[in-house]
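What follows is each chain in one-letter form.
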Amino acid sequence: MASLAFQITGTANYKDFKLKKFRLLNISNRDTTAITIDVVFGKDDNDGESSITNGIFILDGVTIPIGATLSLGPMDFSAITKDDLTDGLSEEDYTLLIGTANSAHVADVYIEY
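Residues numbered from 1 in each chain as written. Predicted model: local features only at pLDDT ≥ 70, side-chain atom pairs only at ≥ 80, totals over all residues. Heavy atoms only, no water.

**Description of the side chain of D16**
Heads up, the rule is: Strands here mean DSSP runs of E at least two residues long; helices mean DSSP runs of H or I at least four residues long; both are numbered from the N terminus. The term polar contact refers here to a pair of N or O atoms within 3.5 Å; inside protein, the definition further demands a hydrogen-donor-capable atom paired with an acceptor-capable atom, and it admits residues adjacent in sequence only when both atoms are side-chain atoms. Whether two residues touch is decided by their heavy atoms; if any such pair falls within 4.5 Å, the residues are in contact.
Here D16 lies in strand 2 (residues 15-16). At 2.7 Å, the side chain of D16 forms a polar contact with the backbone nitrogen of K18. The contact partners of D16, leaving out residues within four places of it in the chain, are D44, D47, T95, L96 and L97.

**Comments concerning the sheet that holds strand 9 (residues 94-100)**
As a reminder, the rule being used: In this description, strands pair whenever DSSP reports at least two bridges between them.
Ordered in space as 2-9-5-6, the four strands form an open sheet in which the pairing is antiparallel. Of all the strands in the sheet, the pair left with one neighbour each is strand 2 and strand 6 (55-64). Pairing geometry for strand 5 (residues 35-43) and strand 9, over seven bridges, is antiparallel. Across the sheet, the residue bridging to F41 is L96, located in strand 9.

**Considerations on the environment of I111**
Formally: When a residue's accessible area, from a 1.4 Å probe over protein chains only, is under 20% of the maximum for its type it is buried; when over 50% it is exposed; and in between it is partly exposed.
In this structure, I111 sits in strand 10 (residues 106-112). Among the residues examined, I111 registers a relative accessible area of 0% and is labelled buried. Contact partners of I111, with chain neighbours within four places excluded, come to A2, S3, L4, F17, L19, F22, L24, L25 and L96.

**Observations regarding the environment of T53**
Residue placement: T53 occurs in the loop between strand 5 and strand 6. Judged by relative accessible area, which is 60%, T53 ranks as exposed. Between the C-alpha atom of T53 and that of G42, which follows or precedes it by 11 residues, the distance is 8.2 Å. Residues in contact with T53, not counting those within four places in the same chain, are D45 and N46.

**Here's the deal with the confidence of the model for the protein**
Spelled out, the test is: Per-residue confidence from the predictor is reported as pLDDT, a score between 0 and 100.
Model confidence for the protein is summarised by a mean pLDDT of 89, while 95% of its residues fall at 70 or above. Mean pLDDT across the elements of the protein ranges from a minimum in strand 9, with 91, to a maximum in strand 7 (residues 69-72), with 98.

**Topic: the pattern of salt bridges**
It is possible for side chains of opposite charge to pair when their charged atoms get near one another. For clarity, the cut-off: Salt bridges, as used here, are contacts in which a Lys or Arg side-chain nitrogen is within 4 Å of a carboxyl oxygen on Asp or Glu.
A full pass over the atoms with the stated rule returns three salt bridges. Notably, a salt bridge pairs D16 with K18, separated by 3.3 Å at the nearest N-O pair. Judged by relative accessible area, which is 6%, D16 ranks as buried. Taking the shortest distance from any N to any O, the salt bridge between D45 and K43 comes out at 3.6 Å. Residue class for D45 comes out partly exposed when judged on its relative accessible area of 44%.

**Considering the packing of aromatic side chains**
To be explicit about the condition: Only Phe, Tyr and Trp rings are paired, with Trp represented by its six-membered ring, and only when their centres lie within 6.5 Å; those with planes under 30 degrees apart are stacked, over 60 edge-to-face, the remainder tilted. Two conditions define a charge sitting above a ring: the NZ of Lys or the CZ of Arg must be within 6 Å of the ring centre, and it must be within 35 degrees of the ring normal.
Scanning all chains against the criterion turns up three aromatic pairs. Their ring planes at 90 degrees and their centres at 5.7 Å tell us that F6 and F17 sit as a pair that is edge-to-face. Here F6, found in strand 1 (residues 3-9), pairs with F17, found in the loop between strand 2 and strand 3 (21-22); they are 11 residues apart in sequence, far enough to count as distant. Cation over ring: K15 sits above F6, and NZ or CZ is 5.1 Å from the ring centre.

What follows is the structure, encoded as structure tokens:
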């Protein structure tokens, strides 16, 4: 089982985790205030962007209280094919993206995949 850890800080932009599935996703609020996060299965060109142009919001605007952790169980998007997508996009274009709604928020992300 592989894993990765990442801290989202100082940006309201989306981070591409280059994954199509995960066994466990934890997002912990390390801030001094509640934070708002989005978890998206979206087009990889949204990496670094402040909004999603092509994607499916798994969680949209979810608030995590101070000191709390949001956990998601297994999700697998690897079976999605081009027939499931619109606009002639390829399944290779899609990935897991996570973003915060405020550039001052700090969140720790831990993923087992």
